Amino acid sequence: MTRVSVSAAREQVRFALTELVSFYAREKGFRPLSGASGKSKRRASRLSARTRIPHAKTAAFEPDLIWLDGKRVVWKFYVFPERATLRRLNRNIDFAVHAIVCEDSAGNLGIIEPSQFLSHMSAVSSAAEQEKVRSLTRDIASVSIPYPDFHFKGTVRKNSEFVKDHFSLCIQTGFVHKPAPGQFLQVLCDPGPHDESTRYRSHRYSDGRWPTLRGIELLDKRPFLRRPFSIASYGPPHSTRRTGDAHFGAEWMHLIHWVQSEFEIIYRRLPEGPGTTALARDKAGDTIDIVGPLGRGFTISPLPKVALLVGGGIGSPPLVFLANELLRNGVEAHVFLGAVTASKIPFRLTGEAGNRIARFERMGISPVVSTDDGSAGRRGLVTEALVEYLEKEWGPSSAIKIFACGPRPMLAALDGIAGRYKLPCEALLEERMACGFGACISCVCAVKEPGQKARFTRICTEGPAFDVATVMWHA
Ligand SMILES: Cc1cc2nc3c(=O)[nH]c(=O)nc-3n(C[C@H](O)[C@H](O)[C@H](O)COP(=O)(O)OP(=O)(O)OC[C@H]3O[C@@H](n4cnc5c(N)ncnc54)[C@H](O)[C@@H]3O)c2cc1C
Ligand code: FES
């Protein structure tokens, strides 16, 4: 086989990828302003000079491809840029070697890894085209992005109590690992910034040193360890979230790794909980120290045709992120939310019977709400509502998967239901955790895979998502 030089290979890959992106744009009904041919490239550079986005940092660069919606620039693609170009595009991504860089109409920069891009393109492009790009990328020394650290600092954008004792905390940060639904963040719940009393003087969390505990502090309840919280949403910063979702085809968005990003966690302040109490005092502009995203999230590939999302109490927030990802991938999603009483449902309830949740309705999902005492939605257990649905909709060939998060008894009941209807079911186990990354062995649970011996495993590394059939609920 004749090997081509790196620079020639890079040019060829750029050409082939650009062709694939153009093809995809045409499939989606967009008008690519530029393509890979010399003629269209020259035209693109003339037009890109004219269609500069004033607030974009990258106006001086010439993308390989610009897509228009009417006369509006929707997306710009910098296909396989050189390292130097990446550095000039944005300081935060100078560690990237080869990547497809995209920029949306709001000026948000994102990175797409070529391998992910290719598998996504398999829906519209032929195997031969895919193989052509793959064989060319083999000739380039490295096509991987060396990842940033798992430990990062973020800035609180908002921390609002939207229902009594339930908060939505939005944290803006730079380029971090892209999270998957079901993964979690270990958050340092620092009481220090808000309390300058001597109680906290020897206990500083925020200045980069380890906190030290002495004397009376050892007897006091301090959130010394990080606290785990599931990710409720991830995307570009909220202020610029006018992304191409609506214009471009939502299924594209899950490939993008935003250079500036925002996480949301939804949490409940516990009356005796020092961690969540300290977190609730954070305000916009505060710095927050995080490790993550951690753990193994839900398995959404292969995609089910229908997904049933079952949430119990404060276990429901990760289902927002999951529902979003499933809908983007064209999966039909139904949500069942339950709690002991209305005030334990971590979403704002509306409607006369308290059975409507705008957060899900904005996504086009009408959740079925149940409470044990009937104070919101229907009276009864969330699992009863699920069984009622299955009785009506289930058939021997239904391609349904259940995803769940909530209290252990609810998950154990789901194991029985999934077994009865022969459906796959994955659940997040939210046990107490200390380290969150496998070092302390404080989060073990017993599991048993078919044909294997029962064993203990660490929820934080092997989970928190588990196939419910493997969990030994009563061990
Ligand atoms: C993977 C994972 C994801 C999580 N996601 C979320 C989330 O999205 N939103 C949210 O509000 N909470 C979530 N939790 C629970 C959250 O971590 C705890 O509420 C938090 O650590 C409590 O800290 P604290 O200092 O306020 O209270 P602590 O003093 O630590 O605890 C106060 C009381 O709550 C009980 N408790 C604490 N953690 C748990 C737990 N995991 N399960 C059962 N009882 C517990 C304690 O036993 C104690 O009685 C998650 C937990 C895990 C492991
Ligand atoms: S939390 Fe430390 S091992 Fe899982």
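- In the nomenclature of an unreviewed UniProt entry, the chain is known as Dihydroorotate dehydrogenase electron transfer subunit of Candidatus Abyssobacteria bacterium SURF_17.

1. Comments concerning the site of ligand 1
Next, step 1: Close to ligand 1 lie 19 residues, the nearest being Pro228, Gly275, Thr276, Glu431 and Arg432.
Next, step 2: One of the backbone N or O atoms of arginine 268 is found 2.9 Å from an oxygen atom in ligand 1.
Next, step 3: Within the backbone of glycine 273, an N or O atom sits 3.4 Å from an oxygen atom of ligand 1.
Next, step 4: When contributions to the shell around ligand 1 are tallied by element, the ones reaching two or more residues are strand E9 (227-230), strand E12 (261-268) and helix H7 (274-280).

2. Examining unusual backbone geometry
Generally, phi is negative for residues other than glycine and the peptide bonds are trans, each holding for most cases.
Next, step 1: The linkage connecting glycine 292 with the following residue, proline 293, adopts the cis geometry, with an omega of -5°.
Next, step 2: Within the secondary structure, proline 293 is located in strand E13 (residues 287-294).
Next, step 3: Cis peptide bonds are those with omega within 30 degrees of zero, and the linkage from serine 301 to proline 302 qualifies with 0°.
Next, step 4: Summarising the element assignment, proline 302 is placed in the loop between E13 and strand E14 (306-312).
Next, step 5: One non-glycine residue, aspartate 165, lies in positive phi territory at about 65°.
Next, step 6: A positive phi is found at lysine 422, a non-glycine position, where the angle reads about 55°.
Next, step 7: Within the secondary structure, lysine 422 sits in the loop between helix H11 (408-420) and strand E21 (425-428).

3. Thoughts on the nonpolar core
Next, step 1: Among the nonpolar cores identified, the biggest contains 47 residues, and Leu17, Trp75, Phe77, Phe117 and Leu279 are the most heavily contacted of them.
Next, step 2: No fewer than three residues from each of domain 1 (6-137) and domain 2 (151-242 + 260-294) sit in this core.
Next, step 3: Leu386, Ala404, Val447 and Cys460 belong to the second largest nonpolar core, which has 35 residues in total.

4. Side note on the confidence of the model for the chain
Next, step 1: Put simply, the chain has an average pLDDT of 81, and 76% of its residues get 70 or more.
Next, step 2: Contacts from residues 43-59, a stretch scored under 50 in pLDDT, to residues over four places away or in other chains number 26 contacts.

5. Some words on a nonpolar patch on the surface
Next, step 1: Together, Ile441, Val444 and Phe456 make up an exposed nonpolar region whose accessible area comes to about 320 Å².
Next, step 2: Tracing the chain through its elements places isoleucine 441 in the loop between E21 and strand E22 (444-447).
Next, step 3: With a relative accessible area of 51%, isoleucine 441 lands in the exposed category.

6. Some points on the sheet that holds strand E8 (residues 184-187)
Next, step 1: Taking strand neighbours across the sheet as the criterion, the seven strands line up as E9-E8-E13-E6-E7-E12-E10 in an open arrangement whose pairing is antiparallel. Looking at the sheet topology across the chains shown, the edges are occupied by E9 and strand E10 (233-235). Across the sheet, the axes of successive neighbouring strands diverge by a mean angle of 35°, strand direction being ignored.
Next, step 2: Relative to strand E7 (residues 166-173), strand E6 (residues 151-163) runs antiparallel, the two being bridged by seven bridges.

7. What about the side chain of serine 168?
Next, step 1: Along the polypeptide, serine 168 turns up in strand E7.
Next, step 2: We classify serine 168 as buried; its relative accessible area is 5%.
Next, step 3: Of the polar contacts made by the side chain of serine 168, one reaches the side chain of glutamate 264; its length is 2.8 Å.
Next, step 4: Apart from residues no more than four positions distant in its own chain, serine 168 is found in contact with Lys158, Asn159, Ser160, Phe162, Glu264 and Ile265.

8. As for the sheet that holds E21
Next, step 1: Strand order in the open sheet formed by seven strands is E19-E18-E15-E14-E20-E21-E24, with mixed pairing between adjacent strands. Each edge of the open sheet is held by one strand with a lone partner, namely strand E19 (378-379) and strand E24 (465-467).
Next, step 2: Summarising the sheet, strand E18 (residues 368-371) and E19 pair through two bridges and their orientation is parallel. Paired with threonine 371 across the strands is arginine 379, a residue of E19.
Next, step 3: In the packing of helix H10 (residues 382-393) onto the sheet, the strands contacted are E14, strand E15 (332-339), E18, E19 and strand E20 (400-405), and the crossing angle to E15 comes to about 150°.
Next, step 4: Running at roughly 170° to E20, H11 makes contact with E14, E20 and E21 of the sheet.

9. Focus on helix H8 (residues 318-328)
Next, step 1: Counting buried positions over the eleven residues of H8 gives nine, a clear majority of the element.
Next, step 2: Directly after H8, the chain includes glycine 330, whose backbone phi takes a positive value near 80°.

Reading the values: the criteria
- All residue numbers here refer to positions counted from 1 along the written sequence of the relevant chain.
- Here every chain gets a letter starting at A, and every ligand a number starting at 1, in the order they are written.
- Local features in this predicted model are restricted to residues of pLDDT 70 or higher, and side-chain atom pairs are both shown and tallied only at a pLDDT of 80 or more, whereas totals for entire chains, interfaces and linings draw on every residue.
- Side-chain numbers here rest on the full set of heavy atoms in the structure, without hydrogens or water.
- Any residue with at least one heavy atom within 4 Å of a molecule or strand is counted as near it.
- Any pair of nitrogen or oxygen atoms within 3.5 Å is treated as a polar contact; in protein, a donor-acceptor pairing is required on top of that, and neighbouring residues in sequence qualify only through side-chain atoms on both sides.
- Counting from the N terminus, the helices are the DSSP runs of H or I reaching at least four residues and the strands are the DSSP runs of E reaching at least two.
- By nonpolar core is meant a set of buried Ala, Val, Leu, Ile, Met, Phe, Trp, Tyr and Cys residues that side-chain atoms within 4.5 Å join together.
- Residue burial is assigned from relative accessible area. The probe radius is 1.4 Å, only protein chains are included, and a residue is buried under 20% of its type maximum, exposed over 50%, and partly exposed in between.
- In this entry, domain limits derive from an automatic or database-based domain assignment.
- Scored from 0 to 100, pLDDT records how confident the predictor is in each individual residue.
- We call two residues in contact whenever any of their non-hydrogen atoms come within 4.5 Å of each other.
- A patch is a set of surface residues, each over 30% in relative accessible area and not in a salt bridge, joined within 9 Å for like charges and within 5 Å for the nonpolar side chains Val, Leu, Ile, Met, Phe, Trp and Tyr.
- The accessible surface values rely on the Shrake-Rupley method and a 1.4 Å probe; as for residues, cover is taken only from the protein chains in view.
- Only one rule defines a salt bridge in this text: a Lys or Arg side-chain nitrogen within 4 Å of an Asp or Glu carboxyl oxygen.
- Any two strands with at least two DSSP-identified bridges between them are counted as paired.
- Each axis is a line fitted through C-alpha atoms, and for a helix only the stretch in contact is used; angles between axes span 0 to 180 degrees, taken between their N-to-C directions.

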